[in-house]
Amino acid sequence: RGSRGRAEKAAAADAGQPPMAVKVYAHVDIEGWPPTTLPVQVPRPGEVEFGTVKQALLRFHAEQHGGAEPIDYADCCFWNQDCFPIPDRTPLAVHLWEHNDFFLRPLPLGAGGASALKESQKARGDLSYYYAHSRTQRSLISKPQALSAAPAPAPRREPIRAPPAQGPFNYKQSPFGTDITGYETIMAYTWEDHDDTVKVLLLLDGIGKLPPSAIRSQFGPRAFELLIDGYNGKKLRFATHKTHGEMLPEECKHVVRANRVNLVLRKAKDKDIWFDLFKKRAIGDDDDP
């Protein structure tokens, strides 16, 4: 995504033309705060970062709702329509080709402090054969640029309305039709690639105390979803709409231990090497992530 935005910017520069200005719509979507929408005209999306737009939105929200408690810059970040958090330092051009609406929401579970993944890595050591991944390695919060994105005149504010429950759902949010609005995303995990299975380990202290009915999983040929209800008063979710390789859904399962949940993904082809847990586009690859 980043390479596409940089390529467009470079092409415009080579042609002697300034980068095309765009308008983005920034929404406050935080429980307990009044909803607010700010359209922002961005003249150079390859140079303006999401942190700058966040700063403009927070100032606008404070002006519009003077009686409400201000939202702390360090407690939230933008999320795209696929429900993935966006680091403040990311240029707008990286995500503009997807859509122009971005939602300011609380930081995801595990974005701050010592994550379960870090504790796991500390315990196992750097020389283990475990693959590990955590979006917390790239900080979501960073100091904003000088405020250069000029907000466009604000239209009449209207609350953000969720689509009707009976309508079509976003496959990339949940291939199984789950309403994910009440769930927090689990950001830290480790995984192991074996000959016939892939194992995913989610470290959650005391998870084994929950009743079995509070932990559910669903599997498809290239998708899975783990839902946890009532963990420290929260609803947690770990899922993907497309794994690196194909699976046999009927032979996949989750296993609950005292302090972790294991996902056992049965490969459709034995000895099929998975280079990542989630599907990512490679050079010359026509399989869309």
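First, a word on what this report is: a plain description of the structure on this page. Along every chain, residues carry numbers that run from 1 in the direction the sequence is written. A pLDDT threshold of at least 70 governs which residues receive local features in this predicted model, and a stricter bar of 80 or more applies before side-chain atom pairs are shown or counted, although totals over entire chains, interfaces and linings include all residues. Side-chain calculation: all heavy atoms of the structure are included, whereas hydrogens and water are not.

Examining the overall build of the protein
Worth spelling out the cut-off: Secondary structure elements are taken from DSSP: a helix is a run of H or I of four residues or more, a strand is a run of E of two residues or more, and numbering for both begins at the N terminus. Remark: exposure states derive from per-residue accessible area (1.4 Å probe, protein chains only) relative to the maximum for the residue type, with buried under 20%, exposed over 50%, and partly exposed in between. Any pair of residues with heavy atoms lying within 4.5 Å of one another is described as a contacting pair. Computed by Shrake-Rupley with a 1.4 Å probe, the accessible areas treat only the displayed protein chains as cover when residues are assessed.
Tallying secondary structure elements over the protein gives four helices and 15 strands in all. In the protein, buried positions account for 41% of the 289 residues. Once local pairs closer than 6 in sequence are excluded, the contacts in the protein between residues at least 24 apart make up 69%. For the protein, the exposed area adds up to about 16000 Å²; of that, 52% sits on carbon and sulfur atoms.

So, helix 2 (residues 50-64)
In an α-helix, one full turn covers 3.6 residues, which means residues spaced three or four apart are oriented alike. Filter applied, for reference: Every helix has an expected span of 1.5 Å times one less than the residues it contains.
In a regular helix each residue adds 1.5 Å, so 15 residues correspond to 21 Å; helix 2 covers 21 Å between its end C-alpha atoms and thus fits that length. Burial of helix 2 is extensive: 11 of the 15 residues sit out of reach of the surface. Every buried residue of helix 2 is accounted for by F50, G51, T52, V53, K54, Q55, A56, L57, L58, F60 and H61. Looking at the packing, one finds that the buried side of helix 2 touches strand 1 (22-28), strand 2 (36-42), strand 3 (76-79), strand 4 (85-86), helix 3 (93-96) and strand 5 (101-106).

Topic: the environment of K271
Along the polypeptide, K271 turns up in the segment after strand 15 (260-266). Owing to a relative accessible area of 63%, K271 belongs among the exposed residues under this scheme. As for K271 and T197, which are separated by 74 residues in sequence, their C-alpha atoms are 8.6 Å apart.

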